[in-house]
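# Examination of the molecular architecture
As a plain string of letters, each chain reads:
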Amino acid sequence: VENFLWIKDDNKRLMMQNLYNKAKADHVPIILDEAARMIDSWLLLLKPTRILEVGTAVGYSAIRMALVSPISKIDTIEKDLDRAKEALENIQHFELVEQIILHEGDALELIPEMTQEYDLVFIDAAKGQYGRFFEDAMKLLRPGGVVICDNMLFHGFVEAEEVPKRYRAMIKKLRIFHETLMNHPELETRILSIDDGISISVKRG
Ligand SMILES: C[S@@+](CC[C@H](N)C(=O)[O-])C[C@H]1O[C@@H](n2cnc3c(N)ncnc32)[C@H](O)[C@@H]1O
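### Quick look at the packing of aromatic side chains
Any aromatic ring pair is given by two values, namely how distant the centres are and how the planes are angled relative to each other. Here the structure, examined in full by the defined rule, presents 9 aromatic pairs. Taking the centre distance of 5.8 Å and the plane angle of 80 degrees together, the rings of Tyr130 and Phe177 count as edge-to-face. Taken as a pair, Tyr130 in helix H6 (residues 130–138) and Phe177 in helix H7 (residues 168–183) lie far apart in primary sequence, 47 residues in all. There is no split in this pair, since Tyr130 and Phe177 are both buried. Three or more aromatic residues link up through ring pairs in this structure, and these residues are Phe4, Trp6, Tyr20 and Tyr60. One cation-aromatic arrangement involves Arg166 over Tyr167; the distance from NZ or CZ to the ring centre is 4.5 Å.

Below you can see the structure in the form of structure tokens.
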């Protein structure tokens, strides 16, 4: 369980603990602890100035990234209006409105309209659509930039022989997306079996 000891400010640490506890209690699917710590480390090394996040939920990962990397400006997209509303309240509560810009809507419609160049793209939304989010976001990624995707192994089913029927279509798409990442001529990709599986891809510079 997270203890947020890396947050030096006592008040902020308590706020973060409360945000985390509430998200868990409400069954909001937030990034798991090990994967989050891995992303923290990458942010500390990469020092990205512009981040695009696909899938805000209630803002936990965006707020975490903003606290870990105060130099980063984060655009985050959420299509569920109730979650987006809660995310905005959380971002305001943390006084991070200057650092995190929340875009309400479907990433599949919003990303193609964006023109900003990003140093890092974090994809954490509908698993069956990763290929499409990726295609669109790749165009905004600067050379040398990084794409991180969560849930790449989806409870181990992506690598399993037997997949429950209800997951089959989505797992098939995730497997195709694996291939896309691994064979992409502009990317170097590694997939880590941390938590639900996390990929890191670097765009050749
Ligand atoms: C796993 S949650 C995100 C968790 C968040 N990144 C965190 O760790 O705190 C995935 C979110 O993506 C949103 N989502 C799914 N498809 C989307 C789309 N096409 N455009 C925007 N948001 C989407 C869902 O509504 C959901 O809230």
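Moving on from the coordinates now.
### Considering the site of the ligand
Around the ligand lies a shell of 22 residues, among which Ile31, Ser61, Glu78, Arg83 and Asp124 are the nearest. Here a nitrogen atom of the ligand and a side-chain polar atom of Ser61 are 2.8 Å apart. In isolation the ligand exposes 610 Å². Once the protein is present, 93% of that is buried.

### Comments concerning the pairing of strand E2 (residues 73–78)
Among the 6 residues that make up E2, 5 are buried, leaving the element largely enclosed by the rest of the structure. Relative to E2, strand E1 (residues 50–54) runs parallel, the two being bridged by 5 bridges. Residue pairing across strands places Leu52 opposite Asp75, the latter belonging to E2. Assessed by its sense of winding, the connection that carries the chain from E1 through helix H3 (residues 60–68) to E2 is right-handed. Direction of pairing for E2 relative to strand E3 (residues 100–104): parallel, over a ladder of 5 bridges. By the bridge assignment for E3, Thr76 is matched with Leu102.

Procedures and definitions
Residues numbered from 1 in each chain as written. Predicted model: local features only at pLDDT ≥ 70, side-chain atom pairs only at ≥ 80, totals over all residues. Heavy atoms only, no water. Phe/Tyr/Trp six-rings, centres within 6.5 Å; stacked < 30°, edge-to-face > 60°. Helix = DSSP H or I, 4+ residues; strand = E, 2+ residues; numbered from the N terminus. Buried < 20%, exposed > 50% of the residue type's maximum accessible area, 1.4 Å probe, protein only. Lys NZ or Arg CZ within 6 Å of the ring centre and 35° of its normal. Near = heavy atom within 4 Å. Polar contact = N/O pair within 3.5 Å; in protein donor to acceptor, adjacent residues only side chain to side chain. Areas by Shrake-Rupley, 256 points an atom, 1.4 Å probe, with all protein chains shown as cover. Pairing = 2+ DSSP bridges. Right-handed = clockwise from strand over helix to strand, strands pointing away.

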